[in-house]
Amino acid sequence: MPKKNLYIGIDLNNERAMISLYHEGMHEVQTVSAVPGEERYQIPTAVFVSDQGGYFYGHEALRRQNRQDGTFFNNLYEESLSGENVIYRNMLVQFIARLIKFKERYDFRNLIPFLAITIPDLGEKDVELFEFVRNELGFSVDHFQLMDYSESFFANTCHQDASIRIHDVALFNFVGEKITFLLLRMNAAGKVRRVVSEKKEWTVPEESRASAEAKDLFFAEVMKEAFDKRVISGVYFIGDGFDGKWMKETLRCVGPNKRVFLGKNLFTQGACLAAFRSEVTDGWNYYYDCPYKIQGELQIKLLKDGEPYTLRLTSLGENWFRPTEKYYLLYDGDPRLEIMVRTRERIHARTETFTLDYLPEREPKSIRLSVQAVPLSGNKIEIRVADDGFGELFDSSGKTWCFPVTIIPE
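What counts and what doesn't
Residues numbered from 1 in each chain as written. Predicted model: local features only at pLDDT ≥ 70, side-chain atom pairs only at ≥ 80, totals over all residues. Heavy atoms only, no water. Helix = DSSP H or I, 4+ residues; strand = E, 2+ residues; numbered from the N terminus. Buried < 20%, exposed > 50% of the residue type's maximum accessible area, 1.4 Å probe, protein only. Contact = heavy atoms within 4.5 Å. Areas by Shrake-Rupley, 256 points an atom, 1.4 Å probe, with all protein chains shown as cover. Pairing = 2+ DSSP bridges. Axes fitted to C-alpha atoms, helices over the stretch in contact; angles between N-to-C directions. Phe/Tyr/Trp six-rings, centres within 6.5 Å; stacked < 30°, edge-to-face > 60°. Lys NZ or Arg CZ within 6 Å of the ring centre and 35° of its normal. Core = buried A, V, L, I, M, F, W, Y, C linked by side-chain atoms within 4.5 Å. Parallel < 35°, antiparallel > 145°, perpendicular 65-115°, else oblique. Nonpolar A, V, L, I, M, F, W, Y, C, P; charged D, E, K, R; others polar.

**Regarding the overall build of the protein chain**
In step 1: When its secondary structure is counted, the protein chain shows eight helices and 23 strands.
In step 2: Viewed in the frame of its principal axes, the protein chain has a C-alpha envelope of about 80 × 60 × 45 Å.
In step 3: By residue count, 48% of the 410 residues in the protein chain fall in the buried class.
In step 4: Considering only residue pairs separated by 6 or more positions, the protein chain has 65% of its internal contacts joining residues 24 or more positions apart.
In step 5: Entry remark: accessible area of the protein chain is about 21600 Å², with carbon and sulfur atoms responsible for 48%.

**A short note on the sheet that holds strand β18 (residues 326-330)**
In step 1: The strand order β18-β21-β22-β23 describes an open sheet built from four strands, whose pairing is antiparallel. Whereas interior strands pair on both sides, the edge strands pair on one side only; in this sheet they are β18 and β23 (400-406). Sheet twist, expressed as the mean angle between neighbouring strand axes with direction ignored, is 25 degrees.
In step 2: Summarising the sheet, strand β21 (residues 368-375) and strand β22 (residues 380-387) pair through seven bridges and their orientation is antiparallel. Of the residues in β22, the one forming a bridge with Pro375 is Ile381.

**So, the packing of aromatic side chains**
In step 1: Evaluation of the coordinates by the stated rule reveals 30 aromatic pairs.
In step 2: Relative to Phe237, the ring of Phe172 has its centre 5.8 Å away and its plane inclined at 15 degrees; by these criteria the two rings are stacked. Pair noted here: Phe172 is in strand β10 (residues 168-175) and Phe237 is in strand β13 (residues 232-238), with a separation of 65 residues, a long-range link.
In step 3: Between Phe237 and Phe242 the ring centres are 5.1 Å apart and the planes differ by 65 degrees, which places this aromatic pair in the edge-to-face class. As far as burial versus exposure is concerned, Phe237 and Phe242 are alike and both buried.
In step 4: Sitting over the ring of Phe56, Arg64 keeps its end group 3.8 Å from the ring centre.

**With respect to the nonpolar core**
Soluble, globular proteins show a tendency: their nonpolar side chains are buried together.
In step 1: Counting residues in each nonpolar core, the largest one holds 97 residues, and the members touching the most others are Ile10, Leu12, Phe95, Ile96, Ile117, Phe130 and Ile383.
In step 2: Beyond its immediate chain neighbours, meaning those up to four positions away, Ile96 contacts Ile10, Leu12, Leu115, Ile117, Phe130, Val133 and Leu137.
In step 3: Counting 23 residues, the second largest nonpolar core, distinct from the first, contains Ala170, Phe219, Phe242 and Met247.

**A few points about the packing of helix α5 (residues 149-157) against helix α8 (residues 266-279)**
In step 1: One way to put it is that α5 packs onto α8 with a least axis distance of 7 Å and a crossing angle of 75 degrees. Considering their axes alone, α5 and α8 lie roughly perpendicular with respect to each other. Taking contact as the criterion, the partners of Tyr149, Ser152, Phe153, Ala155 and Asn156 in α5 are, on α8, Leu266, Phe267, Gln269, Gly270, Ala271, Leu273 and Ala274.
In step 2: Residues belonging to the contact of α5 with α8 are distributed by class as follows: eight nonpolar, four polar and no charged.

**Thoughts on the sheet that holds strand β17 (residues 307-312)**
In step 1: With respect to topology, four strands assemble into an open sheet ordered β17-β16-β19-β20, the strand pairing being antiparallel. The outermost strands of the open sheet, each flanked by one partner alone, are β17 and β20 (350-355). Each strand axis lies, on average, 35 degrees off the axis of its neighbour in the sheet, ignoring direction.
In step 2: Where strand β16 (residues 297-304) lies against strand β19 (residues 336-342), four bridges are found, and the strand directions are antiparallel. Within the sheet, the bridge partner assigned to Gln299 lies in β19 and is Met340.

Now the structure itself:
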């Protein structure tokens, strides 16, 4: 019997982290407390290293931050993004490794760990940083997933009761002085429902933080603006900003016929579920679309054993930064390389034709070519072709070709 995965979902930002665990045998995702027996799910993103070599994490690190017998590291995420301070990157790896060790409280010995990390926003610097983290932690590409908060929100929502997502679903994340609004919009047409997200942010002015009543009135206005001309069926309130019983006018603005939830661990649970659905797709009819997803499918038409065959180079909806396969083809004498581009917007594929010039002067089927589609973003792909030689008979000429493809012309 094949081993099952243990999905480890980590919600990570510059101030704190949370970790959840899930496998197919569990009834629901389990968010892990930093202290067994207590509901302390938020773990400060900090490390203290004593002069004797001891490591202390989270709350323990904060308690030691002013001590003189060691070094205190916080802001691990932002400091690591610059790439200039290797020490901070190593501290971030140590911190995440410590979180992963929480799984040892449970009997998961026969499960293969699959790490999923969700962060507020996902850009190229984040991709580079967490590729370093993945390598240092020893996770394979197939057992690691990186996503932003919107995607983990999507994954969590689409695993809840269907009544929540009859219409658009809203989320307000209130942390410190900032309110972040995320909206999931679901296309009801087709067998697979395409889901996109919208995002907006507000900074709470000082006068609106002066009292619970002032905060309530400010947030009520935020909700009116966010909900304007929208049909909402589910609303999530998450973050420390919602602590306390100050929401009175706010709740009146929610209005009728909406499912309302209050909590803090939605993103970490969503990371687990997103990773699970990346592997277990049975009955899953949702597709999340965002700029870091590949916007179409690239194919090559070939002959395989004398029969027409279509080779897929990229898949719609994959993360653009995920490594792609390299394929090896025998040259048949036609220097044209025809790439079919399929997108969800068009019924028929379009074909882009490129020419392999200055090929080695050998018999056609004695030239082996490597072909790989390398995404540069969700919408731009580079087709890389190289003369791979032919075993012991012919060395590679070193000739390479690169062809740009824009999936959806701008």
